[in-house]
Amino acid sequence: MRIRKIRLSNLNSLRGEHAIDLMAEPFASAGLFAITGPMGAGKSTLLDAVTLALYGKAARYGNESNPEHVMSRHCGECSAEVEFQVPAGIYRAVWQSHRARKKPDGALQPPKRYIYDAAGAPLTQHLREAEVKIEELLGLNYERFLRSALLAQGEFARFLKANANERAELLESLTGTEIYSRLGGLAFAEANRREAALQAKESGLGQLALLDDAKRAELREAVAEIGQKRERLTREQAAGAEMLRKIASLEEARDRERRAVAAEERIEQERRAAATDLERLRRHRLTLPFAEDLARLNEAETALSGVAKRRATAAANHAAAATARREASAIFRAAVDAALMTERHALRLATEALEQAGKAAQETRAWLDQHAADAKLADHLPEAIVALGEWKAGRVALAQRWSEWRTAAAAILPEEAAALPVDLAGAEANICDAQLAAFVAKAEARGTTLEADRRAAERQAELRQDHFAKARLVARLEGHRHELKSGAPCPLCGALEHPFAEGSAPSPELAELEAESRRAKEAFDCAAQAARLAGEQGAVLARQRPPLLEGMQDCAERLASLQARLAPLGAAAPSSGEEGAFRQTLQARDQAWRTQQQKEREALERQAQARRAVQAATEAAEILAAKQARLEPAAEPTERRPGRKLPTVPTAEEADAAARQREQTTATQAQDRRLDEQAATAQLAARRAPLEETVAGSEFQVLSTLRAARLPAPTAQPLDEMDQRFRERTTAAAALRQQVKQDLARMLEDAVLEGEPAIAFRARHMALKAEADRLLAEQTTGKNQLETDDANRRLREERQKELEVDRANLVVWRHLRELIGSHDGSKFRRYAQTITLDLLTRHANRHLVKLSDRYRVRRDGSDALNLQIEDRHQSDARRPMASLSGGESFLVSLALALGLSDLAGRKVRIDSLFIDEGFGSLDPESLEVAIAALEALRQDHKTVGIISHVGLLMERISTQIVVERLPGGVSRLRIAP
């Protein structure tokens with residue numbers, strides 16, 4: 001499976017349309033490319049686009065089928081598309097999502113997925129069809145695709161150095177074999193569950209109670225008799241139900257009568273309380289015939305007031321315009337005078353600047369001619385600095401190795417180690433090799449001597465321990481010597497003579513013997529420790545001697561390369577420790593040359609600018625002088641306001657013309673407003689006189705009383721509504737009372753019970769109902785007992801049959817629990833993980849052969865899940881994974897990641913890989929090894945994409961997809977080179 005093209009739109013920070021063609025240059029011939037950019041810019045979004053298009057899920061959001069936050073902010077739709085190639089042909093997978101109406105604030109809608117063939121014909125129309133079709137084409141489900149094409153290389157770095165339990169958990173998460181844990185746990189739990197269920201069924205079978213035949217017959221007769229009694233009571237209840245209904249209706253009618261009387265009384269009280277407001281409403285209604293005339297009068301008064309205000313405003317505007325016109329004319333004259341002075345001053349400054357720029361250009365040219373040799377620094381300085389850094393790094397690495405070697409040497413032969421040279425950078429390789437070989441020989445001899453001392457100390461410790469043990473045995477027999485009798489045989493040795501029986505027994509000093517035994521043991525431990533240390537350090541010295549010689553040769557080659565780079569610059573290699581100052585000197589020379597070049601360019605540019613400024617100032621001064629000659633002198637001097645800045649001449653000229661036009665316009669407007677005011681005054685008088693005459697013959701008599709009685713609409717409307725409510729409520733209360741009287745008369749004619757007779761009738765009816773309920777409960781209880789007995793009889797027969805089947809099935813589950821079951825699933829999981837780890841190491845070693853011929857990954861025989869590294873350069877010696885360096889650990893973890901890709905893909909060939917982590921913690925040397933290893937994958941025709949923000953990696957891999965961060969949280973893609 002190979003990824004050919006990736007297209008995406010509005011995903012996360014990558015807003016807009018983006019497309020990457022991995023079959024075109026520079027990707028077609030690169031094989032290895034990097035996806036670079038700052039953290040959070042959107043590098044991982046490319047992987048999200050791949051998994052969204054293929055499986056409808058974003059890699060970073062897990063199994064969420066429609067991730068809400070994958071769409072770019074302030075967007076209404078997004079999409080992802082991948083064109084891929086499999087043995088069956090070329091296909092295209094598309095994923096689309098949008099919000100309601102494709103608006104940014106709309107609700108998120110269900111996504112859509114499509115699969116197209118090479119001709120563009122759709123193969124699917126629905127999500128489920130697309131999911132099935134993509135697994136059929138790729139041969140991979142979503143989880144296997146993540147493990148085979150998107151490699152989490154950092155997980156294997158933890159996998160290498162984890163203990164057995166941690167490695168089991170990581171192996172399960174990496175390979176997706178957690179099903180074996182679940183199967184083992186399920187087998188254990190299912191067997192236990194079935195045992196418990198069988199026991200519960202057997203116990204429950206014995207608890208089923210069955211009735212005998214006599215009891216069942218008695219229950220049937222009792223149920224039939226109770227049914228007959230209930231029928232009689234039901235007929236009596238039906239006969240009295242109609243009278244109960246009439247009694248309830250009569251009581252309800254009495255209650256409605258009381259409520260109607262109370263409502264009429266409340267309405268009358270509220271009307272008396274609102275008498276003042278109702279009077280105001282009456283007087284307002286009398287003003288309604290005058291409403292139109294009052295409105296016309298108010299309109300005339302308002303019009304006159306507005307016209308008067310506009311007349312005053314127009315007069316003020318005219319006066320202000322005249323003042324502004326006079327001020328604008330004065331400013332125009334002052335601006336022309338000031339501008340002419342400015343241009344003449346600018347002409348003098350431009351002439352001086354022209355002279356200064358010419359002088360500066362001559363001085364910088366003289367300096368550049370004097371230092372012409374530094375012109376070569378721009379071309380050769382970067383290579384020289386790189387070579388200087390490599391030489392220094394080589395010497396530092398050699399010094400580190402030599403320091404470690406001397407430390408190991410001092411642990412064996414401190415005096416001889418002190419005589420070794422402190423630094424190997426300037427030493428001769430053949431002389432140094434001879435010295436190291438001689439020292440190693442002395443170290444081996446020292447080891448032999450220490451081994452002999454160890455054996456001697458061991459023998460001495462054994463003798464002292466034996467002496468102490470025998471003395472302690474003798475001391476235990478001291479209490480039995482007084483029982484020996486002369487001439488009688490000793491019960492222990494049979495001797496007839498007992499020389500120590502009468503107080504002359506030996507008295508060994510047990511404490512002294514114990515101390516000597518302990519000192520001998522301590523001496524043996526010291527000797528053994530010294531011999532072991534000498535053996536280990538001697539092996540280290542012998543093993544590290546070849547890398548030291550290789551480091552010396554590497555330093556010599558780097559020094560020759562540095563000298564070749566410095567020759568064109570006329571410089572020699574610096575002494576140790578002076579590299580920084582030497583580099584700064586070269587950089588300072590180069591910077592000085594560049595600075596002087598820039599100064600010359602700036603001086604020539606200033607010279608050209610000064611010439612243009614002289615010409616422009618001359619032309620401007622001539623134009624202003626001509627304009628000044630055409631201006632009329634001021635009638636009177638105009639005072640400038642303190643701190644006021646004069647405008648430009650064009651602006652002042654334009655403002656002067658506008659001020660004159662404004663003065664003429666405002667004069668016309670002021671005359672028009674005076675005429676409008678005279679007309680509005682006459683109209684007001686014509687409307688006031690007839691209205692005052694009409695009001696004099698009414699209840700109000702004068703116009704002011706009429707206006708006071710008239711209420712505004714917001715005040716009158718609530719009062720009018722209140723009056724209307726009073727009328728409606730009064731009518732409704734009277735109608736209700738009349739209806740209640742009619743209902744009561746009709747009920748009394750039907751002889752409906754009321755008072756004490758009604759209460760007694762209700763009590764009788766309740767007693768009948770209680771008796772009927774009691775009989776129903778007894779009848780139901782009897783029927784339930786019969787039904788329960790029938791059900792128990794059927795259930796007992798069914799459970800007997802089920803128990804036989806369950807016992808047969810339990811035999812199978814118990815056997816399965818013995819084979820693979822455990823409470824945590826560890827038994828089956830460990831067995832499956834051992835097989836999986838064998839397959840994983842086999843695939844990983846196949847890749848590791850191509851990445852490095854030195855190492856192989858092997859299983860540790862002492863633990864089924866423990867791994868060791870086999871060093872082919874050290875006679876296939878095996879050592880722990882923790883001993884690997886950073887670069888070595890990366891190679892092995894990368895091989896494991898590629899092995900997992902093969903294991904997850906099984907029979908599917910994966911030609912497009914993406915690695916999203918693992919490079920940030922590598923040093924420069926290890927990173928170089930890692931990149932070289934990844935480039936070697938081109939031999940398998942694989943395309944590898946690395947997502948990283950490591951600066952050195954960006955410099956090393958030329959083909960890049962650069963994610964550039966823009967303002968506003970948006971990014972864009974750029975292909976480099």
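Residues numbered from 1 in each chain as written. Predicted model: local features only at pLDDT ≥ 70, side-chain atom pairs only at ≥ 80, totals over all residues. Heavy atoms only, no water.

### Examining the overall build of the chain
Then step 1. For the chain, the count of helices and strands is 23 helices and 14 strands.
Then step 2. The 977 residues of the chain split such that 36% are buried.
Then step 3. When contacts within the chain are restricted to residue pairs at least 6 apart in sequence, long-range pairs at least 24 apart make up 73% of them.
Then step 4. Accessible surface for the chain amounts to roughly 56600 Å². Of this, 52% is attributable to carbon and sulfur atoms. (Helix = DSSP H or I, 4+ residues; strand = E, 2+ residues; numbered from the N terminus. Buried < 20%, exposed > 50% of the residue type's maximum accessible area, 1.4 Å probe, protein only. Contact = heavy atoms within 4.5 Å. Areas by Shrake-Rupley, 256 points an atom, 1.4 Å probe, with all protein chains shown as cover.)

### Digging into the packing of helix H10 (residues 291-370) against helix H16 (residues 649-695)
Then step 1. One can describe the packing of H10 onto H16 by two numbers: an axis separation of 6 Å at closest approach and a directional angle of 165 degrees. Classified by the angle their axes make, H10 and H16 are roughly antiparallel. As H10 packs across H16, the resulting crossing turns out to be left-handed. (Axes fitted to C-alpha atoms, helices over the stretch in contact; angles between N-to-C directions. Parallel < 35°, antiparallel > 145°, perpendicular 65-115°, else oblique. Left-handed = near helix turned anticlockwise from the far one by under 90°.)

### Focus on the sheet that holds strand S10 (residues 877-880)
Then step 1. An order of S8-S9-S10 is seen for the three strands of this open sheet, with the pairing classed as antiparallel. The open sheet terminates on both sides in strands that have one partner only, identified here as strand S8 (855-859) and S10. Adjacent strand axes in the sheet meet at a mean angle of 40 degrees when their direction is disregarded.
Then step 2. Sheet analysis places S8 next to strand S9 (residues 867-871), joined by five bridges and oriented antiparallel. Considered in S9, the bridge of Arg856 is made with Glu870.
Then step 3. Sheet strands in contact with helix H20 (residues 826-851) are S8 and S9, and its direction is about 170 degrees off that of S8. (Pairing = 2+ DSSP bridges.)

### Focus: the packing of helix H9 (residues 275-286) against helix H18 (residues 713-749)
Then step 1. In contact at an axis separation of 10 Å, H9 and H18 are set at 115 degrees when each is read in the N-to-C sense. One element, H9, and the other, H18, form an angle in the roughly perpendicular class. Of the two elements, H9 crosses H18, and the hand of that crossing is left-handed. Listed contacts from H18 to Asp277, Leu278, Arg280, Leu281, His284 and Arg285 of H9 are Thr715, Ala716, Leu719, Asp720, Met722 and Asp723.

### Remarks on helix H2 (residues 45-55)
Think of an α-helix as 3.6 residues a turn; residues three or four steps apart then line up on the same face.
Then step 1. Buried residues dominate H2, accounting for 11 of its 11 residues.
Then step 2. What H2 keeps buried is the set Thr45, Leu46, Leu47, Asp48, Ala49, Val50, Thr51, Leu52, Ala53, Leu54 and Tyr55.
Then step 3. One or two steps after H2, the chain reaches Gly56, where phi turns positive at roughly 75 degrees.

### Some details on the side chain of Arg2
Then step 1. Along the chain, the position of Arg2 falls in strand S1 (residues 2-11).
Then step 2. One polar contact links Arg2 to Thr943, side chain to side chain, over a distance of 2.9 Å.
Then step 3. Among all residues touching Arg2, those that are not within four sequence positions of it are Met23, Glu83, Phe84, Gln85, Asp911, Ser912, His941 and Thr943. (Polar contact = N/O pair within 3.5 Å; in protein donor to acceptor, adjacent residues only side chain to side chain.)

### Thoughts on the environment of Gln738
Then step 1. Summarising the element assignment, Gln738 is placed in helix H18.
Then step 2. The exposure class of Gln738 is partly exposed, given its relative accessible area of 44%.
Then step 3. Measuring from C-alpha to C-alpha, the distance between Gln738 and Glu257 comes to 9.1 Å, with 481 residues separating the pair along the chain.

### Side note on the pairing of strand S14 (residues 970-976)
Then step 1. One ladder, built from seven bridges, connects strand S13 (residues 960-966) with S14; its direction is antiparallel. Looking at S14, one finds that Ile961 is bridged to Ile975.
Then step 2. Linking S13 back to S14 in an antiparallel pair, the connection comprises three residues, with Gly968 at a positive phi of about 85 degrees.

### Some points on the environment of Ala616
Then step 1. Here Ala616 lies in helix H15 (residues 579-630).
Then step 2. C-alpha separation for the pair Ala616 and Leu347, spaced 269 residues apart in sequence, amounts to 8.4 Å.

### Some points on the confidence of the model for the chain
Then step 1. Averaged over all residues, the pLDDT of the chain is 77; the fraction at 70 or higher stands at 80%.
Then step 2. When mean pLDDT is compared element by element in the chain, strand S4 (residues 77-86) scores highest at 94, while helix H5 (residues 153-161) scores lowest at 59. (pLDDT = per-residue confidence, 0-100.)

### Notes on the packing of aromatic side chains
Then step 1. Applying the stated rule across the entire model yields five aromatic pairs.
Then step 2. A connected cluster of aromatic rings, assembled from ring pairs, spans Tyr55, Tyr142 and Phe145.
Then step 3. Of note, Arg92 hangs over the ring of Tyr116, and the distance from its end group to the ring centre comes to 4.5 Å. (Phe/Tyr/Trp six-rings, centres within 6.5 Å; stacked < 30°, edge-to-face > 60°. Lys NZ or Arg CZ within 6 Å of the ring centre and 35° of its normal.)

### So, the pattern of salt bridges
Close approach of charged atoms allows side chains of opposite charge to pair.
Then step 1. Tallied over the entire structure, the rule returns 27 salt bridges.
Then step 2. Among the charged side chains, a network of salt bridges with common partners joins Arg7, Glu81 and Arg92. (Salt bridge = Lys/Arg side-chain N within 4 Å of Asp/Glu carboxyl O.)

### Digging into the sheet that holds strand S5 (residues 89-98)
Either a parallel or an antiparallel arrangement is found when strands of a sheet pair, and the pairing is made through backbone hydrogen bonds.
Then step 1. Strand order in this open sheet of five strands is S2-S1-S4-S5-S6, and the pairing throughout is antiparallel. Here the strands that pair on one side only, and so sit at the sheet edges, are strand S2 (14-21) and strand S6 (112-116). Strand-to-strand, the axes of this sheet are offset by a mean angle of 10 degrees, without reference to chain direction.
Then step 2. Of the pairings in the sheet, the one linking S4 to S5 comprises 10 bridges and is antiparallel in character. Directly across from Glu81, in S5, lies its bridge partner Val94.
Then step 3. Strands S1, S2, S4, S5 and S6 of the sheet are contacted by H2, whose axis makes an angle of about 75 degrees with S4.
Then step 4. Contacting S4, S5 and S6, helix H3 (residues 127-138) crosses the sheet at an angle of about 40 degrees to S6.

### Quick look at the environment of Leu398
Then step 1. Here Leu398 shows up in helix H11 (residues 377-412).
Then step 2. Exposure remark for Leu398: the relative accessible area of 3% places this residue in the buried category.
Then step 3. Linking Leu398 and Asp554, residues 156 residues apart in sequence, is a C-alpha distance of 9.0 Å.

### Things to note about the pairing of strand S3 (residues 32-36)
Then step 1. Extensive coverage of S3 is indicated by the burial of five of its five residues.
Then step 2. Residues Leu32, Ala34 and Thr36 point to one face of S3 and Phe33 and Ile35 to the other, with burial holding for every one of them.
Then step 3. Both S3 and strand S12 (residues 943-947) contribute to a ladder of four bridges, which runs parallel. Looking at the pairing, Ala34 lines up with Ile946 of S12.
Then step 4. Pairing of S3 with S13 involves three bridges; the strand directions are parallel. Directly across from Ile35, in S13, lies its bridge partner Ile961.

### Concerning the nonpolar core
Then step 1. With 82 residues, the main nonpolar core has Ile3, Leu11, Leu54, Phe84, Leu138 and Phe145 as its most contacted residues.
Then step 2. Phe145 has contacts with Met1, Val50, Thr51, Leu54, Tyr55, Leu140 and Leu150, leaving out every residue within four places of it along the chain.
Then step 3. Counting residues in hydrophobic clusters, the runner-up holds 11 residues, among them Phe290, Leu294, Leu297 and Ala709. (Core = buried A, V, L, I, M, F, W, Y, C linked by side-chain atoms within 4.5 Å.)

### As for unusual backbone geometry
In terms of backbone geometry, most residues other than glycine have negative phi values and most peptide bonds are trans.
Then step 1. In this chain, Glu25 is followed by Pro26 through a cis amide linkage whose omega measures 5 degrees.
Then step 2. The residue Asn10 is not glycine, and still its phi comes out positive at about 55 degrees.
Then step 3. For Asn10, the position within the fold is in strand S1.
Then step 4. Judged by its relative accessible area of 12%, Asn10 is buried.
Then step 5. Positive phi is not limited to glycine here, since Arg101 has a value of about 60 degrees.
Then step 6. Relative to the elements of secondary structure, Arg101 occurs in the loop between S5 and S6.
Then step 7. Overall, Arg101 belongs to the exposed group, its relative accessible area being 63%.

### A closer look at a nonpolar patch on the surface
Then step 1. Side chains of Ile179, Leu183 and Leu186 sit close together on the surface and give an oily, nonpolar patch of about 270 Å² of accessible area.
Then step 2. Its place among the elements puts Leu183 in helix H7 (residues 178-206). (Patch = residues over 30% accessible without salt bridge, like charges linked within 9 Å, V, L, I, M, F, W, Y side chains within 5 Å.)

### Considerations on the state of the cysteines
Then step 1. All chains considered together, the criterion is met by zero disulfides.
Then step 2. Cys78 supplies the cysteine sulfur nearest to Cys75, a cysteine that is in no disulfide, at a spacing of 8.5 Å.
Then step 3. Judged by its relative accessible area of 10%, Cys75 is buried. (Disulfide = S-S within 2.5 Å.)

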